[in-house]
Amino acid sequence: MAVTTNFKYGTPFSAFLQQKQLTPKQNAMTYSKMTGKIDTKTTTTMKATKRIGLVRCNAREIGDFIGADLLRFDLGKWLSDVEEHKALAIYSPHEGGYEGRYLNRLIYQGYYFLDLSARGLGDLETTLTKIHPVCPAHLGKQPIARWYFPPEVDYRLEALPPNAIGLVIWIIEAKVLSKAELQFLALLPTLRPKVRVIAECGNWRKFMWRPLKEIAGLTESEGQ
């Protein structure tokens, strides 16, 4: 005859309650079923617990109501800094999209753009201001050739319409450039007065910019 053993036989009901942790809501329901009354203390605790998880954002500026990505009040300062410094290093958020509003503002002013990537650009002085050679990929099946191209900046300056204010060289991924290359870009508007330089030198939580001469170390220190 098989013997069946039940270790929970004869165990008081309170032991089962201790093993299983009940939530305040379940305790209140159990109390109400047994006594027919409402546990006001537990109900108040439940309401307080819900309030703890509530997060409120107190808006302090008009940009907090409308949204920082929809309304910007620094476009006027952006235009004045472009005309004053002529070469800027910008830092945009990682999600992107903010720099397009500042680019469009320059287009409205009458600037034309030359978009370049810093990766694989080669020698900046030769590529932008001199006739430079380019070797196309031969893929191992074609003879190695060398083509010569006109200066990227001078070629486009000559092609600008008469009503154009100037040419903006917008360089993406400029964070890979060396300090000497950044210094050349900062001095390029001096060599070509109608040229403005915008270099994307990194990322930040909000869109910001600094004079490129300051980033490249060409400005004098405050102590001098």
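As a starting point, this report considers the structure included with it. For clarity, every value in this text was computed on a predicted model and none was experimentally measured.

Criteria and thresholds
Residues numbered from 1 in each chain as written. Predicted model: local features only at pLDDT ≥ 70, side-chain atom pairs only at ≥ 80, totals over all residues. Heavy atoms only, no water. Helix = DSSP H or I, 4+ residues; strand = E, 2+ residues; numbered from the N terminus. Buried < 20%, exposed > 50% of the residue type's maximum accessible area, 1.4 Å probe, protein only. Areas by Shrake-Rupley, 256 points an atom, 1.4 Å probe, with all protein chains shown as cover. Arc of directions from axis to C-beta. Contact = heavy atoms within 4.5 Å. Polar contact = N/O pair within 3.5 Å; in protein donor to acceptor, adjacent residues only side chain to side chain. Phe/Tyr/Trp six-rings, centres within 6.5 Å; stacked < 30°, edge-to-face > 60°. Lys NZ or Arg CZ within 6 Å of the ring centre and 35° of its normal. Pairing = 2+ DSSP bridges. Right-handed = clockwise from strand over helix to strand, strands pointing away. Salt bridge = Lys/Arg side-chain N within 4 Å of Asp/Glu carboxyl O. Core = buried A, V, L, I, M, F, W, Y, C linked by side-chain atoms within 4.5 Å.

**Structural notes on the overall build of the protein chain**
Within the protein chain, the regular secondary structure consists of 10 helices and seven strands. Per-residue burial over the protein chain gives 30% buried out of 224 residues. Element-wise, carbon and sulfur atoms account for 56% of the exposed surface of the protein chain, whose accessible area totals about 16300 Å².

**Quick look at helix α5 (residues 75-85)**
Leu-75, Trp-78, Leu-79, Asp-81 and Val-82 are the residues of α5 that are buried. Along α5, the residues classed as buried sweep out an arc of 165° about the axis, all on the same side. More than 90 degrees from the buried face of α5, the exposed residues found are Gly-76, Lys-77 and Glu-84. Packing partners of the buried residues in α5 comprise β1 (87-92), α6 (99-109), β5 (166-172), β6 (195-203) and β7 (208-211). Of the residues flanking the end of α5, it is Lys-86, one or two places downstream, whose phi is positive at about 70°.

**Notes on the side chain of His-132**
Inspection of the secondary structure assignment puts His-132 in strand β3 (residues 132-134). At 3.2 Å, the side chain of His-132 and the backbone oxygen of Lys-130 are in polar contact. Those residues within four positions of His-132 in sequence are excluded, and the remaining contacts are Thr-126, Thr-127, Trp-147, Tyr-148, Phe-149, Pro-150 and Glu-152.

**Observations concerning the packing of aromatic side chains**
Applying the stated criterion across every chain yields a total of seven aromatic pairs. Put simply, the rings of Trp-78, Tyr-102, Phe-207 and Trp-209 touch in pairs and so form one group of aromatic residues. The residue whose ring lies beneath Arg-205 is Trp-204, and the NZ or CZ to ring-centre distance is 5.5 Å.

**Section: the side chain of Asp-81**
Mapping Asp-81 onto the fold places it in helix α5. Contact partners of Asp-81, with chain neighbours within four places excluded, come to Lys-86, Leu-88 and Trp-209.

**Here's the deal with the pairing of β6**
With eight of nine residues buried, β6 lies mostly within the body of the structure. By the bridge criterion, six bridges tie β1 to β6 in an arrangement that is parallel. Considered in β6, the bridge of Leu-88 is made with Ile-198. Inspection of the sheet shows β5 paired to β6 by five bridges, in the parallel sense. Residue Ile-169 lies in a different strand from β6, and its bridge partner there is Val-197. In this region the chain leaves β5, passes through helix α9 (residues 179-191) and returns to the parallel neighbour β6; the handedness of that crossover is right-handed.

**Notes on the pattern of salt bridges**
On inspection of all chains with the given rule, the structure shows six salt bridges. Glu-83 is paired through a salt bridge with Arg-196; the nearest N and O atoms lie 3.4 Å apart. Note that Glu-83 is positioned in helix α5 and Arg-196 in strand β6, a separation of 113 residues in sequence.

**Some thoughts on the nonpolar core**
Looking at soluble globular proteins, one finds that nonpolar side chains tend to be buried together. Ile-169, Leu-185, Cys-201 and Leu-212 are the most contacted members of the largest nonpolar core, which has 29 residues in total. Contributions of two or more residues to this core are made by β1, β2 (111-117), α7 (124-129), β5, α9, β6 and α10 (212-216). Here this core takes five residues from α9, the largest share from any one element.

As far as function goes, none of this settles anything; it's purely spatial.
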